[in-house]
Amino acid sequence: MAIFIVPFAALFAAFYLTPILYAVFQSLQKVEREGTFGAPTQVFGGLSQYALVFQNTEFWSSIGRVLLFGVVQVPVMLLLALLFALLLDSPLLRGKRFFRLAFFAPYAVPGVIAAIMWGYLYSPSLSPFSAVTSRAGLLDGGTVLWAVANVVTWVFVGYNMLIIYSSLLAIPTEIYEAARLDGASQWRIAVSIKIPLVVPAIVLTAVFSVIGTLQLLTEPLVFRQFTSTISSTFTPNMLVYSTSSVPNFNLAAAFSVVLAVATFILSIGFLRLTQRKADQ
């Protein structure tokens, strides 16, 4: 059995554990100079970089921004994914192959291309709907976060829909037949049978979405080309990217480690909460 595990373990260690350990190592270092123009020397700095992380107000502001983003965007996205999955699983829907492809097609568009496309649609000077976008101010400071949320929702609804739809296909058809014999309508079957049985799939997509929310980078980074309301510290990953570009790799590594721990805590906390509700 070990011979089958060794390839996976080697790849796991090389491409997962090693980068994590290297990031932790870098976060424990600091750069010192002899005099103003002395050569930089990397030395052990202990937790000094983490002290800077917890003193950085921009980092915690970006964390709060993506948490607000997730609280609104994730439920909306999963609700749409569940609705589309139920529609595809309904015997009343015609043209299922077309709609399945249409719902999933946005996920096949690379994130950068999707952000550029929506950026042109949002920009008053470039959009073909300039009469609307100039009045709506979709790239203004108060609305740009939700403009980004719309792009993320458009891209990932189809992905989450396929996970939920696959779970619906695994439900035995005998359950539906028994419900119809008892006089249950399609609405009652969806609410009382389908949704409760796909809760594990919904929880899985929610965990993926929570992790993805804290890793938000592509869309706001591209939107910076269209608006000045998005700063280099708009999201935690953007702050890490800009910090490493200074360059200050040690502080960027500390930001990354703290962000990874926060993501882990939120994901595990969400799983524990859902499991506790399920047990009740």
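Analysis parameters
Residues numbered from 1 in each chain as written. Predicted model: local features only at pLDDT ≥ 70, side-chain atom pairs only at ≥ 80, totals over all residues. Heavy atoms only, no water. Axes fitted to C-alpha atoms, helices over the stretch in contact; angles between N-to-C directions. Helix = DSSP H or I, 4+ residues; strand = E, 2+ residues; numbered from the N terminus. Left-handed = near helix turned anticlockwise from the far one by under 90°. Contact = heavy atoms within 4.5 Å. Nonpolar A, V, L, I, M, F, W, Y, C, P; charged D, E, K, R; others polar. Buried < 20%, exposed > 50% of the residue type's maximum accessible area, 1.4 Å probe, protein only. Phe/Tyr/Trp six-rings, centres within 6.5 Å; stacked < 30°, edge-to-face > 60°. Lys NZ or Arg CZ within 6 Å of the ring centre and 35° of its normal.

Trainee: I'm lost on the packing of helix H8 (residues 173-181) against helix H9 (residues 186-197) in this one. Help?
Mentor: When two helices pack together, their arrangement is given by the angle between their axes and by how far apart the axes lie. Between H8 and H9, the least distance of the axes is 10 Å, while the angle of their chain directions is 145°. Crossing of H8 over H9 shows right-handed handedness. The segment H8 lies against H9, with Ile-175, Tyr-176, Ala-179 and Arg-180 engaging Gln-186, Ile-189, Ile-193, Lys-194 and Leu-197. Of the residues belonging to the contact of H8 with H9, the class tally is six nonpolar, one polar and two charged.

Trainee: When you look at the environment of Ser-123 in this model, what are you seeing that I'm missing?
Mentor: Inspection of the secondary structure assignment puts Ser-123 in the loop between helix H5 (111-122) and helix H6 (130-136). Residues Ser-123 and Thr-133, spaced ten residues apart in sequence, show a C-alpha to C-alpha distance of 6.7 Å.

Trainee: Got a minute to help me understand unusual backbone geometry in this structure?
Mentor: Glycine aside, negative phi is the norm for most residues, and most peptide bonds take the trans geometry. Each neighbour pair has its own omega, and for Val-246 with Pro-247 the value is 5°, a cis peptide bond. Of note, Pro-247 is situated in the loop between helix H12 (236-244) and helix H13 (249-279).

Trainee: Would you explain the side chain of Thr-213 in this entry?
Mentor: With respect to the element layout, Thr-213 can be found in helix H10 (residues 199-214). Accessibility expressed as a relative area gives 7% for Thr-213, which makes it buried. Residues contacting Thr-213, with those up to four places away along its chain left out, are Val-66, Phe-69, Gly-70, Gln-73 and Val-74.

Trainee: How should I be thinking about the packing of aromatic side chains in this particular structure?
Mentor: Any pair of aromatic rings gets described here by the distance separating the centres and the angle formed by the planes. Using the criterion set out here, one finds 16 aromatic pairs in the structure. A ring pair is formed by Phe-59 and Trp-60, whose centres lie 5.0 Å apart and whose planes are at 75°; its orientation type is edge-to-face. The buried category is assigned to Phe-59, whose relative accessible area is 0%. Here Trp-118 and Tyr-122 contribute two aromatic rings whose centre-to-centre distance is 5.7 Å and whose plane-to-plane angle is 40°, an arrangement assigned as tilted. With a gap of four residues between them, Trp-118 and Tyr-122 both fall in helix H5, about one helical turn apart. Neither Trp-118 nor Tyr-122 differs from the other in exposure class; each is buried. Feature note: the residues Trp-118, Tyr-120, Tyr-122, Trp-154, Phe-223 and Phe-226 constitute an aromatic cluster, connected by ring pairs. The ring of Tyr-176 carries the charged tip of Lys-194 above its face, separated from the ring centre by 5.2 Å.

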